[in-house]
Amino acid sequence: MDGRDAGGRAVDGYDPGAFEPFAVTVDLAVFTVRGGRLHVLLIRRGQEPYAGAWALPGGFVLPAESAETAARRELAEETGLPEALVAALHLEQLRTYSEPGRDPRMRVVSVAFTALVPDLPEPAAGGGGDAEGACWVPVGPGGSADLPAEPVGPAGAVGSVGSVGSVGLVGSVGSSGGSGGLAFDHGRILADARDRVGAKLEYTCLATAFCGPEFTLGELRAVYETVWGTPLDRPNFRRKVLATPGFVEPVPGAARLTGGRGKPAALYRAGAATSLHPPLLRPAGARG
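Throughout this document, residue positions are counted from 1 along each chain, in the order its sequence is written. For this predicted model, a pLDDT threshold of at least 70 governs which residues receive local features, and a threshold of 80 or more governs which side-chain atom pairs are given and counted, while totals over whole chains, interfaces and linings are taken from all residues. The side-chain numbers reported here are obtained from all heavy atoms of the structure, hydrogens and water having been left aside.

S.K.: What should I look at first to understand the overall build of the protein chain in this one?
M.R.: Across its full length, the protein chain holds five helices and 13 strands. Accessibility here uses a 1.4 Å probe with only protein chains present; expressed as a share of the type maximum, an area under 20% marks a residue as buried, one over 50% as exposed, and anything in between as partly exposed. For the protein chain, buried positions account for 44% of its 288 residues. Two residues form a contact once any of their heavy atoms are found within 4.5 Å. Looking at the protein chain alone, contacts between residues at least 24 apart form 60% of all its contacts between residues at least 6 apart. Numbering of helices and strands runs from the N terminus; a helix is a DSSP stretch of H or I covering at least four residues, while a strand is a stretch of E covering at least two.

Next comes the structure, spelled out in structure tokens:
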């Protein structure tokens, strides 16, 4: 049969049946900071393959939608996050994952997106779509995640964390999924996304969004240490932040006791800049 162009007109000489069919999916690694730790939003799969395993939110791209539209639709459906919030998220395309055999159902190519956003709410209880639950899960350096050992409870809560352990890279079809790893190749996607959001803090002012309207440099440094997963040298961090035009602005006359014996720490607010020149680079050991 003849193919058709974007206007629905037949394209002579083109036979779509000559090519092996494949599907396009989307996967999302959405991060936030909760309780001083970096967290990623995961869903528990309610259908095969990998039924019961933890995975990144995502699903199939429908014929009449773009990959980004599909990503927002799947994120809202599977996690119950408000549609208005999902529509406003700044999603950054991470990369395309196209290894043959990455999905046992058929040839599947996935477009992955990532986001690092402050103040995200709990996902809805029970999940949605083909997900039976969703929750925020702590993520360590390198993209390892502490999977909940018990099913998701009300409002995205989990019974405990620990016995399942950290997520490894699950790349082979037929691996159990949810038994020490994420479904499909989502462990690899998570590790790549973890590195990407770490890089984002190097050249943007995003870290200030995770602080209050007024903050100390120690509180700002804690955001970097949380996302990068490594301690930073205090004097060096202070020097670099204050030397970067527009990164932060001092709050005149304001100070805050921080629990130590020294004098109260000066308070700052986010400056007008949106990017860092020069960039605030991660220590070499904190790179993925």
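From this point, the discussion proceeds with the structure in view.
S.K.: What exactly am I supposed to notice about the nonpolar core here?
M.R.: Nonpolar side chains in soluble globular proteins tend to end up buried together. Counting residues in hydrophobic clusters, the biggest one holds 42 residues, and the most contacted among them are F31, L42, L116, L201, L220, Y224 and F247. If you tally residues by element for this core, the top one is helix α4 (residues 217-228), at six residues. Here, nonpolar core refers to any group of buried Ala, Val, Leu, Ile, Met, Phe, Trp, Tyr and Cys residues whose side-chain atoms link them within 4.5 Å. One finds A70, A76, F113 and A115 within the second-largest nonpolar core, a separate group that totals 18 residues.

S.K.: When you look at the pairing of strand β9 (residues 131-138) in this model, what are you seeing that I'm missing?
M.R.: Each regular strand displays side chains that alternate between the two surfaces of the sheet. In terms of burial, β9 is largely enclosed, as seven of its eight residues are buried. Sheet topology places strand β4 (residues 37-45) next to β9; seven bridges connect them, and they run antiparallel. Pairing of L41 across the sheet is with W136, part of β9. Note on pairing: two strands pair once DSSP finds at least 2 bridges between them.

S.K.: Would you mind going over the pattern of salt bridges with me for this structure?
M.R.: Side chains that differ in sign of charge can pair as their charged atoms come close. By definition, a salt bridge exists where a carboxyl oxygen of Asp or Glu is found within 4 Å of a side-chain nitrogen of Lys or Arg. By the definition in use, this model includes 15 salt bridges. Between E74 and R73 there is a salt bridge; the shortest N-O distance is 3.2 Å. Look at E74 and you get buried, because its relative accessible area is 8%. Among the charged side chains, a salt-bridge network with shared partners connects E65, R73, E74 and E77.

S.K.: Just checking my understanding: could you explain the packing of helix α3 (residues 186-203) against α4 for this structure?
M.R.: A pair of packed helices is characterised by two quantities: the angle between their axes and the separation of those axes. It is at 9 Å that the axes of α3 and α4 come closest, and there the two elements cross at 155 degrees. Of the possible angle classes, the one that applies to α3 and α4 is roughly antiparallel. Every pair of crossing elements has a handedness; the one defined by α3 and α4 is left-handed. Contacts from R194, V197, G198, L201 and E202 of α3 reach α4 at V223, Y224, T226, V227 and W228. Of the residues assigned to the contact of α3 with α4, the class counts are six nonpolar, two polar and two charged. To define axes, lines are fitted to C-alpha atoms, for helices over the stretch in contact only, and angles between the resulting N-to-C directions are given on a 0 to 180 degree scale. An angle below 35 degrees is treated as roughly parallel, one above 145 as roughly antiparallel, one from 65 to 115 as roughly perpendicular, and anything else as oblique. With the far helix as reference, a near helix turned anticlockwise by less than a right angle produces a left-handed crossing, and one turned clockwise produces a right-handed crossing. Residue polarity follows a fixed list, in which Ala, Val, Leu, Ile, Met, Phe, Trp, Tyr, Cys and Pro are nonpolar, Asp, Glu, Lys and Arg are charged, and the others, Gly among them, are polar.

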